[in-house]
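# Architecture at a glance
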Amino acid sequence: MSVLRALRQVAASSSRAVARPAARSGPLRLATVQLAPRASMTAARAFSASTCRFSEGSTDVVLSQKLAEELKYEKEAVADAPGEPEFLKTFKEQGIWEIQDVIGNDEVTLVRKFGNETIRMMFSIADIQNAEEEPEYEQEEGEGGEEQPPHSYPIRASLSITKGNAKGSINIDTMCQEGAFIIDNMSYYPDAQLGTELTAEADWKRRGLYIGPQFDTLDVSVQEEIEKWLQERGINENLATFVPEYSEFKEQKEYVRWLDNVKNFVDA
């Protein structure tokens with residue numbers, strides 16, 4: 001019996017010795033699990049910090065430099081030019097047309113009174129860019145012939161005439177080129193607001209209306225009288241020369257303003 005007790009004591013002591021390390025391994029595994037989230041949080045903080053530090057793109061500086069060079073070139077090109085060109089001073093001194101020009105818009109409106117009539121002409125400086133993108137072979141045609149007049153690129157102009165004592169409006173679509181207005185068509189709208197309103201709804205309603213025949217299909221005598229009727233209202237060669245000149249003047253100012261705005265945004 002003493003031998004059996006001795007064997008039991010040896011077995012018990014050996015089992016306790018084996019059990020203790022196993023009991024310690026449990027808390028160690030728990031400690032490892034608790035530390036894992038801390039390590040991931042530290043990595044996340046390091047990633048977010050590095051993201052803020054490198055938020056500026058690698059091309060920002062180069063783009064800003066190129067914009068600055070172009071901006072400097074454009075400003076130096078007009079540095080010696082007067083603030084208001086001579087053609088614009090002359091046009092304003094005549095006191096016939098009022099220029100409605102909003103900075104940042106590509107459309108310009110000229111307004112005048114003629115008796116009981118209100119005449120509005122609208123044109124866009126976007127036509128200048130379209131003309132500059134014409135193929136080179138079209139420009140070469142004029143090199144061997146007569147010298148092309150300045151500002152020969154075409155600019156579309158829309159004309160509306162309303163009367164204070166009459167309903168409706170007359171709208172005329174023209175092409176301003178080489179010092180003359182070439183009429184595309186002449187339409188009449190019974191509702192003056194419909195003929196002059198610049199909204200998507202009004203434009204949709206105008207699409208379903210008869211806008212009149214093509215101008216060049218009219219009898220020649222009718223064409224001539226309509227042209228005289230417009231010339232009497234100031235739609236003449238002088239205005240046809242002013243429209244492209246002012247379009248080029250405004251396009252240059254808007255381009256410099258665009259360069260400055262884009263550069264400031266990139267640098268911010």
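Here is a short report on the structure shown in this document. (Residues numbered from 1 in each chain as written. Predicted model: local features only at pLDDT ≥ 70, side-chain atom pairs only at ≥ 80, totals over all residues. Heavy atoms only, no water.)

### As for the environment of Leu-63
Counting through the fold element by element, Leu-63 comes out in helix H2 (residues 60-77). What makes Leu-63 partly exposed here is its relative accessible area of 42%. (Helix = DSSP H or I, 4+ residues; strand = E, 2+ residues; numbered from the N terminus. Buried < 20%, exposed > 50% of the residue type's maximum accessible area, 1.4 Å probe, protein only.)

### A closer look at the packing of aromatic side chains
Applying the stated criterion across every chain, the model contains six aromatic pairs. Seen in terms of ring centroids, Tyr-255 and Trp-258 are 6.2 Å apart; in terms of plane orientation they differ by 15°. Their pairing is stacked. Here Tyr-255 and its partner Trp-258 are both found in helix H9 (residues 237-267), three residues apart, which amounts to about one turn of the helix. Residue Trp-258 is classed as partly exposed on the basis of its relative accessible area of 47%. Over the aromatic face of Trp-97 sits the side chain of Arg-112, whose NZ or CZ is 5.7 Å from the ring centroid. (Phe/Tyr/Trp six-rings, centres within 6.5 Å; stacked < 30°, edge-to-face > 60°. Lys NZ or Arg CZ within 6 Å of the ring centre and 35° of its normal.)

### Let's talk about the pairing of strand S4 (residues 155-163)
The pairing of strand S3 (residues 117-124) with S4 spans seven bridges and is classified as antiparallel. Paired with Thr-118 across the bridge in S4 is Thr-162. In the sheet, S4 pairs with strand S5 (residues 169-177) via eight bridges, with the strands oriented antiparallel. Note on S5: the bridge partner recorded for Arg-156 is Met-175. Connecting S4 to the next strand, S5, in antiparallel fashion are five residues, including Gly-168 with a positive phi near 85°. (Pairing = 2+ DSSP bridges.)

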